Every structure is written in structure tokens, then in C-alpha cells.
Amino acid sequence: MNRKRYIPKGGLIALIILLLLASCQGKGPGAQGAAEEEETLFAVNVTKAVQGQLYDYLEVNGDIVAQSSVDIYADTSGKLFRLNVAVGDYVYKDQVIAEVDPSRPGQTFATSPVKSPISGTITRVPSDIGASISTAVPVATVSKVDSLEIKTGVAERYIARVRKGQEALVELEAYPQQRFKAFVSEVSPVVDPVTRTLAVTLAFRDQDRRIKAGMFAKAKIIVENRQNVIKIPAECMIQRQEGNTVFVVTAESRVEARRIVPGILIDQKLEVVEGLRAGETVVIRGQTLLEDQAKVRIIDEIPGLEEADSIL
């Protein structure tokens, strides 16, 4: 017996739709999208190239000392009979600061005065009353603490860059947020053969009562002041096989791989001698995977370096 297969009307429509979809596979928009790969978009942070000044400097350490400091000696040996001063007292030239009794058993002599050879402040009194004093042992030390300076040394390989009159910036541990201006006042004519350093003296521009003799100082000696240079943060530049490279963002939101000639690098501020103009937008973060003409999306724009160098 022949039996006819019955297909419900709704099922027939569904079957027709499935056959149509199967016949369209490989011919729709999806196939075209596979053939045409979507362009990668890179997220980056940028900054501006700036034209301004850039200081080059040498960092040195040293001790703050009085410009003039003199030990005071007695004219005769004996016992320290009287002491007229204490540390911190101001004395004048020829002022009697102590008396020494030169008497010996069976012999009595008048006391001998000890006078200060200069005017200044007493900075050291090593002996007490009753102590034995000789002509080779100082009774006290007097210094001109109103005129302080820094004694330091510069390594031999840098001595050609240091000269009298150069500006310096001083930092003290006691005042970490303060900077004190100084200048190179003396440069030794000879190099120490033991330490291979050149003795250099820095004098303060202004005498500040907060500065004390004996303090430890860190100083930056300005050896070069460059004006009208193009500068960028050092992290903008990366090393590629073709050389030192930065990526400059164009108007079409693409980047141009630009080879540059770097100059001096100071405090992560890089001078660009060739290859970049002031005002150009440079990628500062996200440039590791970039290639020339890559398309980018700017996430953040970081302020450029200050035109005036902030070291002074």
C-alpha cells in the first residue's frame, strides 16, 4: 500500500527557510569581513614637544665650613686659670679670652693673657679650667661664621667642565624643601694625586642664619645652560633597529615613526637635536607595539615639560 507523506503547512515553511539559509552560506557580509581584516587600534598617551632651556650640571657633596677659622694658642705653658668665653660667644680682635698660670712648685708668676687674633665667633673650646696648657695645644677656635662656604671635590674626568663663577644649587638635609644659591668661588690649580679629584670651593650668594658650619651639603654645579632646545620626556624615545625613534601623532590619528638625534639627558628630560619640532604631539606611553602609520586612539594627554628649566 502506498502511503503519502504528509508535511504540515508550518513545517514546510520552516524547511524552505532552512534551505535558503544554507544556500546563502559563504556569500553574506561575514565572508566579506573575513577577507577584509579589521585594522587594529592602539590606545596611547601623548605629550607635546617643548622648546625652552635645559641645564646640565654636576652633582657634588661637601662640608660647610667657615671661610676663616683660627686656633688660639697661649704664649706660655701652665694651668688654664680663667676662661672668659664659651662656644657661640662673639669676640673681637685682641680680646682676652683666657688666662694661663705658668707658676710651678716654689715659683709664682703672674698669669699670662690669651688673646683672640681675629674677630669672630668662638666655635670650639677643647679645655676646661685647671687643665694643663702648652703652646702647642689650642685654647679655643674662633671662626667667621657669618661667611660660610662649601669645600668639595670634582672627579678628574669632569674638571674641564668646572670654572670660577658658575652657579650652584645647594640642598641641606636639615631643610629638605629648601634650595640655597651658591657659586664656584675657588678652583684648585692642581689635582690631588691620591683621590684624583680637584678641590672646589662654593660660596653662598646669601648668608642664611639657618646654615651652620659643619653641615653636610649636596650641590649641583651648573656647567651648561642651553637655550631654545627641543625637549621631551626621556620615556618618549625607544630603541629600534633603525635607531632612536619617537612616534609623532598626525592629523589622521595615525603615528609617524620618526628617527631622532638625541642630545643631553638630564633628570629624565631629553634634548632632541634633530628630528622633532616644538609643538608636535609625541606618544609617551603605549608605543612599544607601534609601527609607522599605525592607527591610534589618544587616552590621555600629559602636560609637556616647562619651557624654563626648574632646576634653579
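Above this note sits the structure.
For the structure given in this document, a descriptive report is provided here. Model, not experiment: these values are computed from the prediction.

### Some words on the sheet that holds strand 6 (residues 96-101)
- Spatial ordering of the open sheet is given by 7-6-4-9, a layout of four strands whose pairing is antiparallel. At either end of the open sheet lies a strand with only one pairing partner, and these are strand 7 (112-115) and strand 9 (132-133).

### Brief notes about the sheet that holds strand 3 (residues 69-72)
- With antiparallel pairing, the four strands of this open sheet are ordered in space as 3-10-8-5. Two strands lie at the open edges of the sheet, namely strand 3 and strand 5 (90-91), each paired on one side alone.
- Pairing geometry for strand 5 and strand 8 (residues 120-124), over two bridges, is antiparallel. Residue valine 91 lies in a different strand from strand 8, and its bridge partner there is glycine 120.

### A look at the side chain of lysine 269
- Along the chain, lysine 269 falls in strand 20 (residues 269-274).
- Lysine 269 sits in the buried class, given a relative accessible area of 14%.
- Excluding its chain neighbours within four sequence positions, the residues that come into contact with lysine 269 are Leu54, Ile232, Ile264, Leu305 and Asp309.

### What to know about the environment of alanine 66
- Looking at the element boundaries, alanine 66 is found in strand 2 (residues 50-66).
- In this structure, the C-alpha to C-alpha distance between alanine 66 and serine 143, residues 77 residues apart in sequence, is 6.1 Å.
- Once residues within four sequence positions are removed from consideration, alanine 66 is found in contact with Ser143, Lys144, Ser147, Leu148, Glu149 and Ala213.

### Quick notes on the pattern of salt bridges
- With the rule as written, the count across this model stands at 14 salt bridges.
- In this structure, glutamate 156 engages arginine 196 in a salt bridge whose closest nitrogen and oxygen atoms are separated by 3.2 Å. Of this pair, glutamate 156 sits in the loop between strand 11 (148-155) and strand 12 (167-172) while arginine 196 is found in the loop between strand 13 (175-191) and strand 14 (197-204), placing the two residues 40 residues apart along the sequence.
- Take arginine 196: its relative accessible area is 40%, and that puts it in the partly exposed class.
- A single salt-bridge network, built from bridges that share partners, covers Glu256, Arg258, Arg277 and Glu280.

### Digging into unusual backbone geometry
- In the Ramachandran plot, aspartate 267 falls in the positive-phi region, its phi being about 50° despite a non-glycine side chain.
- For aspartate 267, a relative accessible area of 46% puts it in the partly exposed group.
- With a phi close to 65°, glutamine 268 is a non-glycine residue in the positive phi region.
- Here glutamine 268 lies in the loop between strand 19 (261-266) and strand 20.
- On the basis of relative accessible area, glutamine 268 is assigned to the exposed category, the value being 56%.

Parameters and conventions
Residues numbered from 1 in each chain as written. Predicted model: local features only at pLDDT ≥ 70, side-chain atom pairs only at ≥ 80, totals over all residues. Heavy atoms only, no water. Pairing = 2+ DSSP bridges. Helix = DSSP H or I, 4+ residues; strand = E, 2+ residues; numbered from the N terminus. Buried < 20%, exposed > 50% of the residue type's maximum accessible area, 1.4 Å probe, protein only. Contact = heavy atoms within 4.5 Å. Salt bridge = Lys/Arg side-chain N within 4 Å of Asp/Glu carboxyl O.

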